[in-house]
Amino acid sequence: MILIDGKKIAAELREELKKEVSNLKAKYNKVPGLTVILIGDLTPSQIYVRNKEKSANEVGLKSDVVKYPDSVEEKVILDKIQELNNDETVSGILVQLPLPKHIDKKKVIETIVPSKDVDGFHPMNVGNLSSGYESSVPCTPLGCYLLIKKIEPNLSGKKAVLIGRSNLNGKPMAQLLLKENCTVTITHSKTKDLKAECLEADIIVAAVGIPELVKGDWVKKDTIVIDVGINKTDKGIVGDVAFEEVSTNAKALTPVPGGVGPMTIACLLKNTIDCFKRLADK
Ligand code: NAD
């Protein structure tokens with residue numbers, strides 16, 4: 001079984017991005033900039049944002065975090081986004097989710113100009129991705145896609161089973177794999193026989209949020225298994241895949257932690273650089 005070392009692959013990607021930033025600096029005399037808006041004091045969000053900032057600095061991006069208290073008015077956030085939309089030094093804008101209840105997530109996402117939407121959540125980017133046009137792609141599925149391609153460069157004709165249909169994971173993942181000519185099945189909480197679906201799969205991507213849902217006897221030999229889940233349990237953080245059981249069967253498997261997580265952040269940096277390049281080319 002191949003243990004897919006997301007930490008190592010993400011570090012390699014960051015190295016490539018660092019070189020790219022240096023080349024862009026030489027060409028344009030400026031570097032891509034990422035601004036993250038952080039609202040409230042949720043500990044996981046603060047940790048995510050700190051990691052994003054650290055990684056952005058490591059590859060040489062200009063990185064800013066704008067912090068607001070939980071009580072901030074929605075209008076303040078929308079006005080700030082408009083200001084960043086018009087700021088030439090900002091290539092990418094990310095508003096860390098979840099948001100306090102009084103702030104409308106849809107409004108926030110739609111206020112970010114699509115060309116700076118590094119999360120790929122704006123309906124324009126979602127539509128472009130599903131139409132096969134150039135767009136920002138949500139960071140986690142993009143990271144999963146790059147990991148799968150490392151193991152199997154030619155995905156044409158492979159059967160992919162995605163567990164979970166969220167806008168964040170399952171749906172964009174399906175678009176990426178369709179583009180690679182996979183036959184894609186998206187399963188969800190109402191799927192009748194998830195085990196039977198999984199047993200058909202050459203590729204499984206689990207993004208559910210249920211600890212160790214995917215069992216060893218759900219996976220046939222030669223399947224690539226990508227575990228997106230991050231679940232806090234009594235025995236620590238585990239994924240959506242029963243790691244020990246599945247590792248005896250699968251061709252390749254991501255660990256949790258150290259699999260998809262580091263790729264998500266590296267892909268955010270990649271998206272920021274890609275946004276910069278698209279704006280610079282205009
Ligand atoms: P979500 O709650 O938005 O979606 C979960 C999906 O799972 C839904 O589509 C639901 O229909 C499906 N589902 C629920 N029960 C099911 C069942 N029994 N069988 C099949 N499908 C079922 O979750 P999300 O935001 O997509 O996140 C999923 C997991 O991925 C979470 O554990 C989250 O913490 C993790 N996550 C990790 C990263 C990362 O960088 N590694 C990024 C984002 C999310």
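Look a little higher up for the structure.
*Asks:* Please clarify how the pattern of salt bridges should be interpreted in this entry.
*Replies:* Between side chains of opposite charge, pairing is possible as soon as their charged atoms come close. One pass over the full model with this rule turns up 16 salt bridges. Residue Lys195 is joined to Asp217 by a salt bridge in which the shortest nitrogen-to-oxygen separation is 3.3 Å. Here Asp217 lies in the loop between strand E7 (203-206) and strand E8 (224-227) and Lys195 lies in helix H8 (residues 194-199), a separation of 22 residues in the sequence. Lys195 sits in the partly exposed class, given a relative accessible area of 33%.

*Asks:* Explain the site of the ligand here, please?
*Replies:* Looking at the ligand, there are 21 residues lining it, with Arg165, Ser166, Asn169, Val228 and Thr264 nearest. Here an oxygen atom of the ligand and a side-chain polar atom of Asn169 are 2.9 Å apart. One of the backbone nitrogen or oxygen atoms of Ser189 is found 3.1 Å away from an oxygen atom of the ligand. With the chains in place, 70% of the 860 Å² that the ligand exposes on its own is no longer accessible. Broken down by element, the shell around the ligand gets its largest block of residues, three residues, from helix H10 (residues 260-281). Taken together, the residues of the shell around the ligand sort by class into nine nonpolar, eleven polar and one charged.

*Asks:* Is there a simple way to think about the nonpolar core in this case?
*Replies:* Note on soluble globular proteins: their nonpolar side chains tend to be buried together. Of all hydrophobic cores here, the largest spans 49 residues; its most connected members are Ile4, Ile148, Met173, Leu177, Val205 and Ile226. Both domain 1 (28-113) and domain 2 (139-261) contribute no fewer than three residues apiece to this core. Once you skip the residues sitting within four places of it in the chain, Leu177 turns out to touch Tyr145, Ile148, Leu155, Ala160, Leu162, Cys182 and Val184.

*Asks:* Would you take a moment to explain the sheet that holds strand E11 (residues 252-253) for this structure?
*Replies:* In any sheet, the strands associate via hydrogen bonds between backbone groups, in a parallel or an antiparallel arrangement. The six strands lie next to each other as E1-E11-E8-E7-E5-E6, forming an open sheet whose pairing is parallel. One side of each edge strand has no neighbouring strand; the edge strands of this open sheet are strand E1 (2-3) and strand E6 (183-187).

*Asks:* Mind showing me how you'd approach unusual backbone geometry here?
*Replies:* A negative phi holds for most residues other than glycine; trans holds for most peptide bonds. Here Leu97 and Pro98 are connected by a cis peptide whose omega angle stands at 0°. For Pro98, the position within the fold is in the loop between strand E4 (92-95) and helix H4 (105-111). Of note in this structure, Asn29 is not a glycine but carries a positive phi near 60°. A residue is classified by how much of its surface remains accessible, and Asn29, at 69% relative accessible area, is exposed. Not every positive phi belongs to a glycine, and Glu212 is a case in point at roughly 50°. Relative to the helices and strands, Glu212 is located in the loop between E7 and E8.

The rules behind each value
- Residues numbered from 1 in each chain as written.
- Predicted model: local features only at pLDDT ≥ 70, side-chain atom pairs only at ≥ 80, totals over all residues.
- Heavy atoms only, no water.
- Salt bridge = Lys/Arg side-chain N within 4 Å of Asp/Glu carboxyl O.
- Helix = DSSP H or I, 4+ residues; strand = E, 2+ residues; numbered from the N terminus.
- Buried < 20%, exposed > 50% of the residue type's maximum accessible area, 1.4 Å probe, protein only.
- Near = heavy atom within 4 Å.
- Polar contact = N/O pair within 3.5 Å; in protein donor to acceptor, adjacent residues only side chain to side chain.
- Areas by Shrake-Rupley, 256 points an atom, 1.4 Å probe, with all protein chains shown as cover.
- Nonpolar A, V, L, I, M, F, W, Y, C, P; charged D, E, K, R; others polar.
- Core = buried A, V, L, I, M, F, W, Y, C linked by side-chain atoms within 4.5 Å.
- Domains from an automatic or database assignment.
- Contact = heavy atoms within 4.5 Å.
- Pairing = 2+ DSSP bridges.

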